[in-house]
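Descriptive structure summary
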Amino acid sequence: MGHRREGIMNLEDFNPLSGKRVEILDEEGNLIGEELRPAVLTDEMVLELYDKMVMLRAADQQALTLQRAGRMGTYPPTLGQEAANIGSAAALETGDWLTPSFRETGAMILRGVPLKLIYLYWMGSEWGSHFPEGVNVLPICAPVSTQTLHGVGLAWAAKLKGERAVNLIYFGDGATSKGDFHEAMNFAGVFFTPNVFFCQNNQYSISVPRSQQTATPTLAQKAIGYGFPGLMVDGNDLLAVYAATQAAVSRAREGGGPILIEAQTYRLGPHTTADDPNRYRTPDEVKEREPFDPLRRVRIYLERKGLITDDIERERREGYEQMARGEAREAEAMISLNPDDLFDFHYSQMPPYLTWQKEYYHRILAAQREFDRG
Ligand SMILES: Cc1ncc(C[n+]2csc(CCOP(=O)(O)OP(=O)(O)O)c2C)c(N)n1
């Protein structure tokens, strides 16, 4: 085994203008940047994180099945972005905060959000955002980029209170074109907040390709304009994502201020279950990206080390598929069929116009029942 630096990689070595990016494991499972691998990232830990990626794929697949069967409204799959999800969230420590966008199923599970709540949210129930006490994860955020401001606010509050908590904020490449992103980055730079901005650059914002999102060659370099560093990482390389995020988190915790990580990945599936990607990209393009599948390379690496076999993986996968089916059933059992819920939780005292709407809705439902009875 080659030299392994005990400490943490030097992030300043990866100025995005130099074109360099953090890479440790190539797509054929070869270690090409072992000097960047932190000592804590042992093969056992790689196996553990790989297992979580397998779990995430099973959880995603179950969501697709639910949606196809009409049991879930919509769902944004993580397919192809498992390393970016798992490798980054694994770098957080107890007490840290995670601010998700909406394509972070794996990251959220890793930080303690029950899968059934994520399913419940996508089934249309806001109770899916009601996380257990002590889970430091903000709710899924559908309005693009608005969560970046929430994440900076939380980090600033932690700093003012003298806490050592870091806030990891997720967003997509499309989100970097929103004003919220720029306000959040500017505020973080000025107030030197303990934030890690984690961009899952999956090359598309629904149908808009990355090339039309910004005129800059990289997204990472946007940090320079706000006075703090940015860096690029191979977002399909679990080891690189973990190493870069761990270094960024520990830098922020030690008072080093904010940092932007651009994880370069690729969305292999549709934007959501409501999207047909064939309308804006060719199947050939996707085929070209399949060898870069983030699970494939780790699997090859672990197999060479004798740490995984087909049988072990099949058993683990089937276990996760069963777990996901169980979580889906539990989520469905939590759905409220009480129409009053639409009205009752907006205000502590219902304003007259809502009271009127609620009564009106009840009259419609009664009329419908009457009609159904014939
Ligand atoms: C403020 C706002 N505008 C538009 C939308 C519709 N919308 C949902 S996801 C999305 C694209 C987001 O792209 P990106 O930030 O790259 O993240 P990705 O979906 O690729 O993970 C858009 C435009 C929205 N949810 N919120």
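Keep in mind that this is a model prediction, so the values were computed, not measured.

Turning to the nonpolar core, a few remarks are in order. Nonpolar side chains in soluble globular proteins generally cluster together in the buried interior. The biggest cluster of nonpolar side chains holds 77 residues, and the ones touching the most others in it are Val 22, Tyr 119 and Leu 238. With 12 residues, helix H1 (residues 43-68) is the largest single contributor of residues to this core. Residue contacts for Tyr 119: discarding those within four places in its chain leaves Ala 59, Gln 62, Ala 63, Leu 66, Met 72, Ala 324, Glu 327, Ala 328 and Ala 331. With 14 residues, the next largest nonpolar core counts Phe 181, Ala 184, Leu 219 and Leu 260 among its residues.

If you check the domain split of the protein chain, you get domain 1 (11-334) and domain 2 (341-373). Distance between the C-alpha centres of domain 1 and domain 2: 40 Å.

Residues annotated in UniProt with the feature "domain: Dehydrogenase E1 component" (unreviewed entry) correspond here to residues 51-335. When the span residues 51-335 is considered, its composition is 45% helix and 11% strand, and the gap between its end C-alpha atoms is 30 Å.

With seven of its seven residues buried, strand E4 (residues 195-201) lies for the most part within the structure. Here E4 shows no split at all, with Asn 195, Phe 197, Cys 199 and Asn 201 on one side and Val 196, Phe 198 and Gln 200 on the other all buried. Here six bridges tie strand E3 (residues 167-172) to E4, and the two strands are oriented parallel to one another. Within E4, the residue paired with Phe 171 across the bridge is Cys 199.

Summarising the model, the protein chain shows a mean pLDDT of 95, and 98% of its residues fall at 70 or more. Low pLDDT (under 50) marks residues 1-6, which in the prediction has 15 contacts with non-local residues, meaning those over four places away or in another chain.

Backbone hydrogen bonds hold the strands of a sheet together, and the pairing may be parallel or antiparallel. The sheet built from six strands is open, its strands ordered E1-E7-E8-E4-E3-E2 with parallel pairing. If you trace the sheet from one side to the other, it starts and ends with strand E1 (21-22) and strand E2 (97-99), each paired once. Where helix H7 (residues 238-253) meets the sheet, its contacts fall on E1, E3, E4, strand E7 (230-234) and strand E8 (259-264), and the angle it forms with E7 comes to roughly 155 degrees.

Scoring rules and cut-offs
- Residues numbered from 1 in each chain as written.
- Predicted model: local features only at pLDDT ≥ 70, side-chain atom pairs only at ≥ 80, totals over all residues.
- Heavy atoms only, no water.
- Core = buried A, V, L, I, M, F, W, Y, C linked by side-chain atoms within 4.5 Å.
- Buried < 20%, exposed > 50% of the residue type's maximum accessible area, 1.4 Å probe, protein only.
- Helix = DSSP H or I, 4+ residues; strand = E, 2+ residues; numbered from the N terminus.
- Contact = heavy atoms within 4.5 Å.
- Domains from an automatic or database assignment.
- UniProt positions renumbered as here; feature names shortened; annotations may be inferred.
- Pairing = 2+ DSSP bridges.
- pLDDT = per-residue confidence, 0-100.
- Axes fitted to C-alpha atoms, helices over the stretch in contact; angles between N-to-C directions.

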